[in-house]
There are 2 protein chains.
Amino acid sequence: MHHFGELLEKVEKALAVINFKLSPAGLYEPISYTLTPGGKRMRPVMMLMACELFGGDIEKAINPALGIEIFHNFTLLHDDIMDKAPLRRGKETVYQKWDTNTAILSGDTMFAFALDCLIETDTLLIPEILRTFSTTARQVCEGQQYDMEFETAEKVTIADYLMMIRLKTAVLPAASLKIGAIIAGAEPRDAESIYRFGENIGLAFQLKDDLLDVFGDEATFGKHCGGDITSNKKTFLYLKAFELATGNDRLALQHYFGGTDFDEETKYREVKRIYENLKLKDFAEKEMDKYYHQSLVNLDAIAVEEAKKAELKQFAQRLMKRES
Amino acid sequence: MHHFGELLEKVEKALAVINFKLSPAGLYEPISYTLTPGGKRMRPVMMLMACELFGGDIEKAINPALGIEIFHNFTLLHDDIMDKAPLRRGKETVYQKWDTNTAILSGDTMFAFALDCLIETDTLLIPEILRTFSTTARQVCEGQQYDMEFETAEKVTIADYLMMIRLKTAVLPAASLKIGAIIAGAEPRDAESIYRFGENIGLAFQLKDDLLDVFGDEATFGKHCGGDITSNKKTFLYLKAFELATGNDRLALQHYFGGTDFDEETKYREVKRIYENLKLKDFAEKEMDKYYHQSLVNLDAIAVEEAKKAELKQFAQRLMKRES
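Residue numbers run consecutively from 1 along every chain, following the written order of its sequence. As a convention, the first chain written is A and the first ligand written is 1, with the rest following in written order. Two thresholds apply to this predicted model, a pLDDT of at least 70 for residue-level local features and 80 or more for giving and counting side-chain atom pairs, whereas whole-chain, interface and lining totals are computed over all residues.

Enquirer: When you look at the packing of helix H1 (residues 4-17) of chain A against helix H4 (residues 58-82) of chain A in this model, what are you seeing that I'm missing?
Expert: Each packed pair of helices is defined by two parameters, the angle between the axes and the distance between the axes. Residues and elements named next belong to chain A. For the pair H1 and H4, the least separation of the axes is 10 Å and the interaxial angle reads 80°. Between H1 and H4, the angle falls in the class roughly perpendicular. From H1, Lys-10, Val-11, Ala-14 and Leu-15 reach across to H4, where they touch Ile-62, Ala-65, Leu-66 and Glu-69. Between N-to-C directions, angles span 0 to 180 degrees; the directions come from axes that are lines fitted to C-alpha atoms, helices contributing only their stretch in contact. Starting at the N terminus, helices and strands are each numbered in turn, a helix being any DSSP run of H or I of at least four residues and a strand any DSSP run of E of at least two. Between 65 and 115 degrees an angle is taken as roughly perpendicular, under 35 as roughly parallel, over 145 as roughly antiparallel, and anywhere else as oblique. Contacts here follow a simple rule: the backbone-placed C-beta atoms of the two residues must lie within 7 Å.

Enquirer: Please clarify how the relation of the copies chain A and chain B should be interpreted in this entry.
Expert: When the copies are superposed, the least-squares fit draws on C-alpha atoms of residues that have pLDDT of at least 70 in both. At an RMSD of 0.0 Å, chain A and chain B line up after a rotation of 180° and a shift of 0.0 Å along the axis. Taken together, the rotation and translation describe the operation of a two-fold axis. Most of the interface of chain A is mirrored in chain B, where 100% of its interface residues are also at the interface.

Enquirer: Help me understand the interface of chain A and chain B in this model?
Expert: By convention, interface size is frequently given as the accessible area that disappears when the constituent parts associate. Contacts between the two partners involve 32 residues from chain A, matched on the other side by 32 residues from chain B. Secondary-structure elements contributing two or more residues to the side of chain A that touches chain B are helix H2 (25-35), H4, helix H6 (100-118) and helix H7 (126-152) of chain A. With 14 residues, the top contributor of residues to the side of chain A that touches chain B is H7 of chain A.

Enquirer: Sorry, what's going on with the nonpolar core here?
Expert: Buried together is how nonpolar side chains tend to be arranged in soluble globular proteins. For the purposes of this analysis, a nonpolar core is taken to be any set of buried Ala, Val, Leu, Ile, Met, Phe, Trp, Tyr and Cys residues that are connected through C-beta atoms within 7 Å. Backbone-placed C-beta atoms define the burial measure: a residue is buried with 20 or more other C-beta atoms within 10 Å of its own, exposed with 12 or fewer, and partly exposed in between. By size, the foremost hydrophobic cluster in this structure holds 186 residues, and its most contacted members are Met-47, Ala-50 and Ala-114 of chain A together with Met-47, Ala-50 and Ala-114 of chain B. Excluding anything up to four places from it in sequence, Ala-114 of chain A contacts Gly-67, Ile-70, Phe-71 and Phe-74 of chain A.

Enquirer: Teacher, can you tell me more about the environment of Phe-236 of chain B here?
Expert: Residues and elements named next belong to chain B. Mapped onto the fold, Phe-236 is located in helix H12 (residues 236-244). By the C-beta count within 10 Å, which is 23 here, Phe-236 ends up buried. Spatially, the C-alpha atoms of Phe-236 and Asn-277 are 16 Å apart, while their sequence positions differ by 41 residues. Discounting residues that sit within four places of it in the chain, Phe-236 has contacts with Ile-158, Tyr-161, Leu-207, Asp-210, Ala-284 and Glu-287.

Here it is in structure tokens:
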């Protein structure tokens, strides 16, 4: 069993070895740029952790793990076009640095490249890996579509939001874990349990993200807080606020979320004050904890000795306690 | 053995059965719109033909065949954004009818959907199908990138052009045939020969397209001629013209291909006149015939009784003789 840090190093090393100096350079340079160190590499590391949990050989999982990471970065490349995001991990986004056409086509190439990596393992494992992957790939697209539709939708419920983040954010880590389990030859029941573990962790992770955006400490968060508020993003906090707010608080929320022409700091401060009045931090943390605890139930259900689960348990715990 | 028309009907029927009434509708409606009858369905039919050539069961090939068709249409969806094309098969393109974001994301979803179909066959066949497919998918992206780069490139040779159309146009029909062969359990040697057959047919097909755009009869061609000339597209004819033209012809070509602000009819008529002077039709037909005959050599090399090859031979012949 390896620690998280060791597995992360393994992933970074394997990524660094991939040759992206291919022709045409105009297609592959943006891919190489996108994949240079900077990401958390959570999904590939999760795949390796799941593989080890079930006693598998991580050498068989390393290429599929890179495939998942490349696929994930492909979705970011295209999301950044759709969201008109200028920056990603502190660097210019591909569509901004090059152009939209480049971001579309380099992204498409990454999807194909991801496939190349996903099938670079034992032949017998390929069908089951691909079955999990292709379903997941489609769900991630569905999640992004819902996310975009919700921007202009009149009525979005908290259930809608949770459905959306499950698709957009949670199924890919879940599938990463499941593929790791498949590679290790885990029982279908256990592969399903680790999938559920990942799904619940993914949901909790996103709720933590929503919380950090509003209540994070900018110094440790590493980025500017309040981005979701500025952009009127319908997060868990936003939706819960409208569920609970009355009187002047409600009017103020309607005022601030009715436009984008506000002084950002004032809007952030005022909205945050209302969120604090409504004790939204408690509500969101409670919701997050629900998924976190459910994930531990999923982990408990796996027929593997407890000691082997320690690494994944710690990993989940760190995600919940993170301040950035 | 089935005839082309029977296989085409089979493909259309199977496509019509796929349920695209999925959620979110905003994602799946453009996919359904893109896949409604209108395309030639050449690639899926080629897959079924190759499967039958090697005595395979086309029921095992029908889903992968749909996968290839969906993948092909995904590339068109994204190409249309990049090329700013308003129409495709006489209908508004997706990015035009909806918007760019929709075309990006519905396209991505089609890539994933294509995967779903490609792996809906005998489990044992999946690895080899996927190996062929993922390489091909990447090559198609590379071809599109070269195509875009050539638009503004100073120096494009005929060899560059042939390399580009091989990637952008020829490898997908080639892979379709090869996957059909794989599904039928063909020998690797024969699967390689049918791939080469498809590649050469694909190259000849594109050269025929270039010819029809200039020398086609508009009544039978079904679309307006001269589109490549209007848009200064560096086709085989364009490149050969600059290779051969001297004196006033050369000056006229430089004049007309130096901009896009010309009266379209005048430009088309003048450039066509020069092409005729230079006997470019003969040159292009000779080049096309070279690939066509090479494809027949590839077909001859396949260790299958001649009678079984008749359908593919006729198919290739029809592609060469087509007027639309």
